[in-house]
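Residues per chain are reported as follows:
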Amino acid sequence: MAANVSALADRLDADSLDGLTTSEAMGPWRLFWRRFRTNKIAVVGLVVLILLILTAIFGPSLIATNPNKLDYAAINAKPSAVHPFGTDNLGRDTLARLVYGLRVSLTVAAYVTVLDLLLGVPLGLAAGYFGGKVDIAVTRVGDVLFAFPGLLLAILVAAIFGQAMTDRFGGIGRLMLVVGALSLVSWPMMARLVRSQTLTIRERDFITAANAIGAGNTTIVRRHVFPQLLGLIVTTSTLGIAAVIVNEAVLSLLGLGIQPPDPSLGKMITDAIPYLEMNGLQVLIPSATLVIIVLAVSFVGDGLRDAFDPGSIS
Amino acid sequence: MLAVIVRRLAALPFVLLSVTFLTFIVGYFAPGDPVLTMMGNSRDPQTYANLKHLYGLDLPWYNQYLNYLGGLLHGNLGLSYRYAQRPVNDLLGSGVRVSLQLGLTALIVSLLIGIPVGAFAALRQNSVSDRAMMVPMLALYAVPSFVLIPVLQWLNYRAYSRGWPALPAAGWGSWQHWVMPVIVLAAAGLGFISRMTRANVLEVMKQDYVRTARGKGLPEFAVRFRHILRNALLPVVTVVGPSIAFLVTGAFVVEQLFSIPGIGFLSVQAVQQRDYPVIQGTTVILAVAVVFMNLVTDILYTFLDPRVRVSG
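Just so you know, these numbers come straight off a predicted model, no measurement behind them.

**Student:** Describe the overall build of chain B, naming the residues involved and giving the relevant values.
**Tutor:** Counting its secondary structure elements, chain B contains 14 helices and zero strands. Walking chain B from its N terminus toward its C terminus, one meets helices and strands in the order α-α-α-α-α-α-α-α-α-α-α-α-α-α. Computed over its C-alpha atoms, the radius of gyration of chain B comes to 24 Å, more than 25% above the 20 Å expected for a compact globule of 312 residues. For the C-alpha atoms alone, the extent of chain B along its principal axes is close to 85 × 60 × 25 Å. Restricting the contact set of chain B to residue pairs at least 6 apart, pairs at least 24 apart contribute 72%.

**Student:** Any details on the interface of chain A and chain B? Residues and values, ideally.
**Tutor:** Between chain A and chain B, the residue contacts involve 35 residues of the former and 39 residues of the latter. Every element with two or more residues in the side of chain A that touches chain B is listed here: α4 (132-147), α5 (152-202), α7 (217-253), α8 (265-272) and α9 (281-308) of chain A. In terms of residue class, the side of chain A that touches chain B is made up of 27 nonpolar, six polar and two charged.

**Student:** Talk me through the domain arrangement of chain A; I want residue IDs and the actual numbers.
**Tutor:** All names here are of chain A. Per the domain assignment, the segments of chain A are domain 1 (1-37) and domain 2 (42-308). On a C-alpha basis, the centroid separation for the pair domain 1 and domain 2 is 40 Å. Of the residues contributing to the side of domain 1 that touches domain 2, the split by class is two nonpolar, no polar and two charged.

**Student:** Requested: an account of the nonpolar core, with residues and values cited.
**Tutor:** Residues and elements named next belong to chain A. In this structure, A154, I155, A158, L182 and I245 are the most contacted members of the largest nonpolar core, which totals 133 residues. The element best represented in this core is α5, accounting for 18 residues. If we skip the residues at most four places from it in the chain, A154 touches A181, L182, L184, V185, N247 and L251. Formed by 16 residues, the second largest nonpolar core is a distinct cluster that contains Y129, I201, L232 and I233.

**Student:** Can you tell me about the packing of helix α6 (residues 128-142) of chain B against helix α8 (residues 176-205) of chain B, naming the residues and giving the values?
**Tutor:** Residues and elements named next belong to chain B. Interhelical geometry of α6 versus α8 gives an angle of 135° and a closest axis separation of 7 Å. Regarding the angle of α6 to α8, the classification is oblique. For α6 against α8, the interelement crossing comes out left-handed. Here α6 contributes M134, M137, L138, L140 and Y141 to the contact with α8, which in turn contributes A187, A188, L190, G191, F192, S194, R195 and R198. Class assignment for the residues of the contact of α6 with α8 results in nine nonpolar, two polar and two charged.

**Student:** Provide a residue-level description of the environment of N156 of chain B, including the pertinent values.
**Tutor:** For N156 of chain B, the location among the structural elements is in helix α7 (residues 145-161). Overall, N156 of chain B belongs to the partly exposed group, with 18 C-beta atoms counted inside 10 Å.

Rules and cut-offs
Residues numbered from 1 in each chain as written. Chains lettered and ligands numbered in written order. Predicted model: local features only at pLDDT ≥ 70, side-chain atom pairs only at ≥ 80, totals over all residues. Helix = DSSP H or I, 4+ residues; strand = E, 2+ residues; numbered from the N terminus. Rg over C-alpha atoms; globule rule 2.2 N^0.38 Å. Contact = placed C-beta atoms within 7 Å. Nonpolar A, V, L, I, M, F, W, Y, C, P; charged D, E, K, R; others polar. Domains from an automatic or database assignment. Core = buried A, V, L, I, M, F, W, Y, C linked by C-beta atoms within 7 Å. Buried ≥ 20, exposed ≤ 12 C-beta atoms within 10 Å, placed from the backbone. Axes fitted to C-alpha atoms, helices over the stretch in contact; angles between N-to-C directions. Parallel < 35°, antiparallel > 145°, perpendicular 65-115°, else oblique. Left-handed = near helix turned anticlockwise from the far one by under 90°.

Structure follows, in structure tokens:
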């Protein structure tokens, strides 16, 4: 008997040595990074994204120019030594506005993502894992929020509470309102995805096994369900960042986001459109920045998905 | 099939009640006193009470909501806060027509172009023409409308400044005003529909019945049109729902940047004037329209694809 067991153990060892030596030796994160690295576009996206984040964090302190300072001597100016990206219709420095606008966009994206994680993940997990009344409640709330097409609900909330939030809490209040309004339309998606993934995980054998050996719900969720959801959560929130950045720009463009004179990428585009014929660069620069962020985030998201789930590579 | 329709219809009141309630309650908690704003510098208590009563704002919230709901059932969206008691219906009426015409045109354009492009690309999978068509489609899907608009306007301006025939930069009236907004609105849906069609056709091409059709010697066009396309196009019906969500958000941006007097433009104007009933009206109209469109889509799909009836 004992001999049999050790022979079996030897066979298992030999098997794992055959196929999986490198994977076993490397640990999950190194393995993950190795898979991510093979996707060159995703790596480029990651580098661009890190550069943009660093610019948003440190840029404002490196640039001495005030983004709201009017320079009537240089209105709609072409790029020069003083204004590397030129100026807008009020003579404000485009580079400075771009860097501050980038900070606004990325801040909003970061907060909305955190709210998605704090609301969507636990609610979706609870709905999928416990089912029953919890599931019905979460699904119903999600259905109602989904009934509002696109950004409509965010537009409604930002429109009605915008002025009061600005009056009471200033720019920060407005920023928080934008964050709240945008997460209103994004957390139900996260909850829905987490719920459906949890539903399939719940039926797997290792959950039954964990139940059988007497593990409690907390342990099962923490040790067995959540790790399986990690890939989905990371991928969804990364891809969600692209949507949030576009949505924030739409709110700003409609006059519902960050209020003038403070810059935001969406507002910079709208402000510059009437002067398109004179100074197309002022539209091009913030537009290109937006497209670059969205593409970089999407590439990183796709790379993460493939790296988390090698089976999904077609 | 009847059971599916009945079940969907039974869920409808809950969604409609919640959508209207959410819209109402956001307006109910709107900060500031709309009546005081309306009265300007006057502080006459009698006028205040009269106005409060006229708008039904002196009632408790549940009465206000029931009144609002009763109004909605009669197609009445309430009174404007801004324009001396004008009904919201008057203010939004023409806008609804404009937005609807524009949105439907864009939807039809994106279907008419997106389906053939996606199908053609799939039949030539991985060829140069596949890539040449699908890469622009991906770009259309990825580029936000507010980036596409200035690009089009700039191109248009370049054409104009060289004396070539050009379109009006913005505004509403003649057919020329339609061209750029429809292109922009159709773009996002186009990218979505073409990619979905391509994926569906590729999926159907792998099916056994397609091999059987080829095996029994059917001419290639019969295989393609009768067996592949007809089956692949079924799921495209379901994308009409999500496309409308694109169109609604798109309409706000497009109407704003092209100064088109549609429902989105009017409600952004209402935002600036703090005319909340107008914004609520827009929200209710659009949300209810989408709820019904999704219902029609689902029913249509059940009708078109018998397999859904069994599982649904």
